[in-house]
Amino acid sequence: MGVNNMTYIPTIGIEVHVELNTQNKAFSPTINKYGDAANTLVNEIDLGLPGTLPTLNKEMIDFGIKAAMALNCKINQKMYFERKNYFYPDNSKNFQITQGKTPIGYDGYITVEVDNQLVKVEIERIHLEEDTAKSIHEQDKTYLDFNRAGVPLIEIVTKPMITNSEIAIKYLEKLKEILLYLGVSDVKMEEGSMRCDANISVSKNDKLGIKTEVKNIGSIKNVGLAIDYEIERQINLLNNNEVLVEETRRFNDSNNQTIRMRIKETGNDYRYFPEPDIPYVNISDEWLSEIKATLPMLPDDIRLELANKQVNNNNIEALIGDIDALYFYLAIKNRIINPVSAINLIITDLKAYSNNLNKKIINLLQLEDFIEIANDLANKVYSKQMVKRLLEEIIINKLDITDAKAMVNQKESFNIEEIVVNILNNNFEAINDYKAGKDRALKYLMGQVMKETKGVADAVEVQKVMLDKLSKL
Amino acid sequence: MTNYLTLSIEEINKLLINQKIKPIDLVNEAFEKIEKSDLNAFITLNKEEAVKLAKELENQPVDNLFFGIPIAIKDNIVTKGLLTTAASKMLADFNPPYDATVIKKIKEAKMIIIGKTNMDEFAMGSTGETSYYGPTLNPYNKSKIPGGSSSGSAVAVSANLVPLAIGSDTGGSVRQPSALTGIVGMKPTYGRVSRYGLIAFASSLDQIGPMTKTVTENAQLLNLISGKDTKDLNSINTNDDFTKKIGCDIKGMKIAIPDFYMGDVTAPVIKEKILEIIEFLKNNGVVVESVKIPFIEHSIHLYQVIALGEASSNLARFDGIRYGYLSDNYNDLNGLYENTRSEGFGDEVKRRIMIGSYILSSENADKYYYRALKIRNLIKKSFENIFNNYDLIIGPTTTDVAYDLGLFQNDTIKGFYDDIFVTPVNLAGLPALSLPVGKSLDNLPIGLQIISKAMDEVTIYQLASYIEQNFNGGK
């Protein structure tokens with residue numbers, strides 16, 4: 001960075017488009033799904049055929065309300081849609097149905113932690129709109145896939161108040177996490193279900209400088225790099241007494257630089273007006289309470305709750321970092337005695353089975369069975385080793401819990417003392433080694449016992465019995 | 001040639017039930033008449049399909065009033081597998097893959113679609129002359145306009161080419177041609193009839209309506225085509241029987257006649273006819289009083305701002321990329337848009353798109369569009385106030401009888417002023433019907449407009465039917 005950087009203050013605003021994973025499209029009953037063959041999820045409305053009218057997907061509004069609530073926004077309970085008019089081949093009606101004057105949510109925030117300090121990132125607005133078709137450019141031809149046309153989006157716009165790339169990154173990570181946990185989007189940047197634009201300017205005083213917009217940055221990390229590059233580029237230009245122009249740029253991830261796409265044209269006029277084909281939407285207080293009741297716990301609430309339950313930080317993050325594991329935990333959390341050991345089982349044992357069997361955790365075994373096993377472990381009815389055996393019998397050998405317990409109990413019903421005596425009687429050599437002070441000998445003897453019990457015996461108990469017998473020899 | 005199509009629907013229905021005639025007789029008669037006619041009422045005929053369907057119906061029971069009855073459809077309502085052009089070069093080869101909701105209802109009733117009727121291009125005009133397929137002629141005098149934009153639908157019914165037709169009315173496009181061709185045309189309450197499949201001109205004003213020879217048939221056809229549709233969010237749920245007050249006495253009814261409708265713009269021949277009607281009504285126990293309706297004098301201007309603003313957006317989709325006319329003269333994307341739209345649209349449509357785009361521009365939207373929406377609400381309230389004291393409003397449908405073709409072909413403003421009495425109703429979302437009440441000395445029809453509060457079509461039909469049956473100045 002240049003020497004005069006300190007005198008310039010960067011101002012960054014971030015716009016995020018997120019595709020909602022509703023069952024149907026925003027304004028037509030077509031199924032909303034990613035990855036199907038091109039132009040198979042399309043009806044006459046999606047193609048903007050003459051005579052078609054939009055329908056209105058209530059689930060989209062539900063998801064919008066959820067997101068607005070989770071981002072601490074106020075909600076426009078009387079809202080309407082508007083048309084944004086512009087010509088482009090991916091825009092089938094040559095207008096996009098969006099929200100202008102009445103975004104579903106406004107004046108919200110997310111709190112992020114940067115250098116052990118809490119920073120409030122303010123959200124100006126969150127509004128509902130429809131996605132365009134996807135353009136696929138090949139040589140001199142452009143192909144259009146209308147499967148994406150009409151997929152519901154929310155656009156989330158921060159106030160221009162972010163001051164560095166680190167806050168921007170933390171904001172995006174937190175936003176992504178929240179939306180994922182709400183279940184409103186899969187927020188996959190690589191599939192385009194989350195897309196980021198950053199507006200960046202620098203100034204020496206309160207008046208905002210000339211901004212550039214870096215469009216469609218492909219990953220959160222690259223947002224950070226793009227911001228850093230832009231700040232430095234703009235400051236260098238200003239220091240050389242050059243004049244900045246308002247422009248749209250894109251990020252090139254092969255050299256971590258931004259490149260001009262186009263200078264912002266004046267008179268780019270979208271001729272917004274209220275969409276006459278969709279009546280005003282009145283979001284009643286009852287509607288809001290219904291949605292509020294379905295809101296899942298958000299990551300920060302979960303962090304706090306688990307920390308209060310003495311779960312260590314690594315395990316908390318392991319759980320929160322794996323939505324599958326977290327949903328499983330949330331489903332059982334009110335009925336388990338010891339969250340520490342239960343979470344341990346989920347993020348180690350269940351996760352391993354889930355990976356190996358390529359199955360969701362929730363589909364590995366009955367919730368009831370897991371709760372019983374976790375509580376048996378907490379109540380010391382079964383040892384950790386026995387619990388592992390139980391899980392194996394249920395998940396791999398498909399026994400029901402009664403049969404699994406019977407199986408493990410049978411294997412546990414041997415008399416450890418008897419086995420230890422038996423092993424000692426057959427291993428005089430090892431006893432001699434032990435008495436000669438060779439540690440390996442004890443390990444060997446223990447191993448023989450464990451082998452005999454097929455690993456089910458409680459190692460601590462075996463050692464205790466073993467040492468007792470050896471001392472008496 | 002047979003002459004069944006001049007009979008009432010109920011009479012035809014009886015003949016079908018008693019197997020005196022078959023649907024094919026009606027179909028054959030319609031096509032014979034159309035082929036002999038030189039009125040240019042149709043853009044596309046559905047002959048092959050119509051004959052096929054008529055034959056199929058021969059083996060089926062006559063299960064409803066409209067069974068086997070021929071009908072004509074305005075060419076801005078999409079019909080699956082049947083060209084739908086909106087009378088534009090832009091859609092000259094557009095073959096819709098789906099049916100409009102009204103078409104579904106018509107097909108479910110086993111009506112037979114005879115063809116798609118001529119109209120002003122994209123319903124923009126009130127003479128029929130902006131059609132890419134040439135003007136439609138008035139059956140009363142072929143040198144006169146038939147009115148528009150539902151020109152062909154009006155003419156097809158007026159000339160007995162078909163017994164019934166469907167039109168659309170954004171600023172009088174059902175009522176004005178109905179008046180000028182001497183038929184009954186209804187613009188129902190906004191939302192009564194689903195707009196799904198109606199090629200949009202101005203979404204907040206457009207409404208599909210029935211065009212018929214008699215009041216009763218009009219009410220019966222509205223019964224068939226109206227109703228809530230999940231595909232049109234502005235459609236409303238009703239199960240009125242629109243014929244239910246037909247035949248009831250009108251004694252004691254209170255009717256308002258706005259002074260605006262009887263001012264200097266109204267031709268003497270029209271005024272005299274309206275005064276005769278007022279006299280007739282008073283003699284039949286009706287209270288008729290002159291009223292002032294604030295703001296309706298602004299309707300023409302409001303209409304232009306709102307209709308053209310919406311139209312500029314609605315017609316943006318015609319770019320030749322997915323369907324319709326595509327210029328073969330372009331080098332880049334802008335060239336594609338410019339040339340396709342310059343070549344595909346007619347002059348009137350282009351004028352209206354340009355004005356509409358200007359009105360909605362960020363510089364002008366507040367000044368024109370949003371202000372117009374506010375005054376529109378005031379007009380709505382003005383009407384509501386009148387209906388607090390009166391059952392109905394009456395007045396002329398048009399300022400004059402049909403004028404010569406070509407006279408004002410390039411005078412856009414004249415076209416809008418033709419609609420001065422019909423557009424207030426669209427702005428307020430109200431129902432209104434044009435009823436033929438007589439003719440001028442040179443044998444040109446005159447229409448009476450009857451307006452009610454929202455959702456009160458039954459009372460319109462009650463009065464219209466009474467006048468139709470009892471007023472002697474009529475046909």
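Please read these numbers as outputs of a predicted model, since none were measured by experiment. (Residues numbered from 1 in each chain as written. Chains lettered and ligands numbered in written order. Predicted model: local features only at pLDDT ≥ 70, side-chain atom pairs only at ≥ 80, totals over all residues.)

Colleague: Even after reading the chapter, I still don't get the overall build of chain A, so can you show me in this structure?
Modeller: Of regular secondary structure, chain A possesses 15 helices and 16 strands. Its C-alpha atoms give chain A a radius of gyration of 30 Å, clearly above 23 Å, the size a compact globule of 473 residues would have. If one aligns the C-alpha atoms of chain A with their principal axes, the spans along those axes are about 100 × 60 × 50 Å. Looking at the 473 residues of chain A, the share that counts as buried comes to 36%. (Helix = DSSP H or I, 4+ residues; strand = E, 2+ residues; numbered from the N terminus. Rg over C-alpha atoms; globule rule 2.2 N^0.38 Å. Buried ≥ 20, exposed ≤ 12 C-beta atoms within 10 Å, placed from the backbone.)

Colleague: Can you walk me through the domain arrangement of chain A in this structure?
Modeller: One frequent convention defines the size of an interface as the accessible area lost when the parts assemble. Once the domains are mapped, chain A shows domain 1 (5-282), domain 2 (297-412) and domain 3 (416-472). Spacing between the C-alpha centres of domain 1 of chain A and domain 2 of chain A amounts to 39 Å. (Domains from an automatic or database assignment.)

Colleague: Teacher, can you tell me more about the pairing of strand β7 (residues 254-258) of chain B here?
Modeller: Residues and elements named next belong to chain B. With four of its five residues buried, β7 lies for the most part within the structure. Pairing geometry for β7 and strand β8 (residues 287-291), over five bridges, is parallel. Each bridged residue has a counterpart across the sheet, and for Lys 254 the counterpart in β8 is Val 287. The handedness of the β7 to β8 crossover, carried by helix α8 (residues 268-283), is right-handed. (Pairing = 2+ DSSP bridges. Right-handed = clockwise from strand over helix to strand, strands pointing away.)

Colleague: Explanation requested: the nonpolar core in the structure shown.
Modeller: For soluble globular proteins, the rule of thumb is that nonpolar side chains tend to be buried together. Core analysis: the largest hydrophobic core is formed by 143 residues, its most contacted members being Ile 71, Val 162 and Ile 450 of chain B. It is helix α9 (residues 299-314) of chain B that provides the largest number of residues to this core, a total of seven residues. Ignoring any residue separated from it by four or fewer positions in sequence, one finds Ile 450 of chain B in contact with Leu 392, Ile 394, Ala 432, Leu 433, Leu 435, Ile 460, Leu 463 and Ala 464 of chain B. Residues Phe 27, Ala 70, Ile 154 and Leu 172 of chain A belong to the second largest nonpolar core, which totals 57 residues. (Core = buried A, V, L, I, M, F, W, Y, C linked by C-beta atoms within 7 Å. Contact = placed C-beta atoms within 7 Å.)

Colleague: In this structure, what is going on with the sheet that holds strand β15 (residues 273-274) of chain A? I would like to understand it.
Modeller: Two modes of strand pairing occur in sheets, parallel and antiparallel, and in both the strands are linked by backbone hydrogen bonds. Residue and element names in this part refer to chain A. Ordered by their spatial adjacency, three strands build an open sheet running β5-β4-β15, and the pairing between neighbours is antiparallel. This sheet does not close on itself; its edge strands, each paired only once, are β5 (95-98) and β15. Bridge analysis of strand β4 (residues 82-85) against β15 gives two bridges, and the strand direction is antiparallel. Residue Arg 83 lies in a different strand from β15, and its bridge partner there is Phe 273.

Colleague: Hey, could you run me through the pairing of strand β2 (residues 70-74) of chain B in this one?
Modeller: The two faces of the sheet receive side chains in turn, since in a regular strand these alternate between them. Residue and element names in this part refer to chain B. Within β2, five of the five residues are buried, which leaves it mostly tucked inside the rest of the structure. Side chains Pro 70, Ala 72 and Lys 74 project from β2 onto one buried face, and the interleaved Ile 71 and Ile 73 project onto a second face that is buried too. Relative to strand β3 (residues 112-117), β2 runs parallel, the two sharing five bridges. Bridged to Ala 72 within β3 is Gly 115. What joins β2 to β3 is helix α4 (residues 101-108), and the crossover it makes is right-handed. Note: β2 against strand β4 (residues 164-168), three bridges, orientation parallel. Within β4, the position partnered with Ile 71 by the bridge is Leu 164.

Colleague: Just checking my understanding: could you explain the interface of chain B and chain A for this structure?
Modeller: Counting from both sides, the interface comprises 35 residues of chain B and, opposite them, 24 residues of chain A. Secondary structure elements with two or more residues in the side of chain B that touches chain A: α9 and α11 (347-360) of chain B. In terms of residue count, the dominant contributor to the side of chain B that touches chain A is α9 of chain B (three residues). For the side of chain B that touches chain A, a count of residues per class yields 18 nonpolar, ten polar and seven charged. (Nonpolar A, V, L, I, M, F, W, Y, C, P; charged D, E, K, R; others polar.)

Colleague: Please clarify how helix α7 (residues 215-225) of chain B should be interpreted in this entry.
Modeller: An α-helical turn contains 3.6 residues, so a residue and the one three or four places further along point in the same direction. Residues and elements named next belong to chain B. Summarising burial for α7: ten of the eleven residues are buried, a large majority. Within α7, burial applies to Val 215, Thr 216, Glu 217, Asn 218, Ala 219, Gln 220, Leu 221, Leu 222, Leu 224 and Ile 225. Where α7 ends, the next residue or the one after it, Gly 227, has phi of about 130°, a positive value.

Colleague: Quick question: what am I supposed to make of α11 of chain B here?
Modeller: Compared with the 20 Å implied by 1.5 Å per residue over 14 residues, the 20 Å span of α11 of chain B between its first and last C-alpha is a close match. Buried within α11 of chain B we find Val 349, Arg 352, Ile 353, Gly 356, Ile 359 and Leu 360 of chain B. All buried residues of α11 of chain B fall inside an arc of 125° around its axis, so they share one side. In α11 of chain B, the exposed positions angled more than 90 degrees off the buried face are occupied by Asp 347 and Met 354 of chain B. In this structure, the buried side of α11 of chain B is in contact with β15 of chain A together with α9 and α12 (366-389) of chain B. (Expected span 1.5 Å × (residues − 1). Arc of directions from axis to C-beta.)

Colleague: Honestly, the sheet that holds β7 of chain B in this entry has me stumped. Any pointers?
Modeller: Residues and elements named next belong to chain B. Read from one edge to the other, the open sheet built from eleven strands follows the order β1-β3-β2-β4-β6-β5-β10-β11-β9-β7-β8, with strand pairing classed as mixed. Here the strands that pair on one side only, and so sit at the sheet edges, are β1 (42-45) and β8. In this sheet, adjacent strand axes meet at a mean angle of 25° when their direction is disregarded. Summarising the sheet, strand β10 (residues 432-439) and strand β11 (residues 445-451) pair through seven bridges and their orientation is antiparallel. Within β11, the position partnered with Pro 436 by the bridge is Gly 447. (Axes fitted to C-alpha atoms, helices over the stretch in contact; angles between N-to-C directions.)

Colleague: Would you explain the confidence of the model for chain B in this entry?
Modeller: The pLDDT averaged across chain B works out to 96; a share of 99% of its residues lies at or above 70. Here the predicted complex carries an ipTM of 0.96, next to a pTM of 0.88. (pLDDT = per-residue confidence, 0-100.)

Colleague: Help me understand the packing of helix α9 (residues 367-378) of chain A against helix α10 (residues 384-395) of chain A, please; the structure alone is not making it clear to me.
Modeller: Axis angle and axis distance: for two packed helices, these are the angle between their axes and the distance between the axes, and together they describe the pair. Residue and element names in this part refer to chain A. Following both chains from N to C, one finds α9 and α10 inclined at 165°, their axes separated by 10 Å at the closest point. The orientation of α9 with respect to α10, classified from their angle, is roughly antiparallel. α9 and α10 meet at a crossing whose hand is right-handed. In this structure, α9 uses Asp 369, Ile 373 and Leu 377 to contact α10, whose residues at the interface are Lys 384, Val 387, Leu 390, Leu 391 and Ile 394. Each residue belonging to the contact of α9 with α10 can be placed in one class, and the counts come to six nonpolar, no polar and two charged. (Parallel < 35°, antiparallel > 145°, perpendicular 65-115°, else oblique. Left-handed = near helix turned anticlockwise from the far one by under 90°.)

Colleague: When you look at unusual backbone geometry in this model, what are you seeing that I'm missing?
Modeller: One can expect most non-glycine residues to show negative phi and most peptide bonds to be in trans. A cis amide bond links Gly 148 of chain B to the next residue, Ser 149 of chain B, at an omega of 10°. Here Ser 149 of chain B shows up in the loop between β3 and α5 (151-158). Phi is positive for Val 187 of chain A, which is not a glycine, with a value near 35°. Positionally, Val 187 of chain A belongs in the loop between α2 (165-182) and β11 (194-203). Unusually for a residue other than glycine, Asn 160 of chain B sits at a positive phi of about 60°. Accessibility expressed as a C-beta count within 10 Å gives 18 for Asn 160 of chain B, which makes it partly exposed.

Colleague: Teacher, can you tell me more about the packing of helix α1 (residues 58-70) of chain A against α2 of chain A here?
Modeller: All names here are of chain A. Interhelical geometry of α1 versus α2 gives an angle of 135° and a closest axis separation of 10 Å. One element, α1, and the other, α2, form an angle in the oblique class. Crossing geometry of α1 relative to α2 is assigned as right-handed. Contacts from Lys 66, Ala 67 and Ala 70 of α1 reach α2 at Ile 178, Leu 179 and Leu 182. Looking at the contact of α1 with α2, its residues break down into five nonpolar, no polar and one charged.

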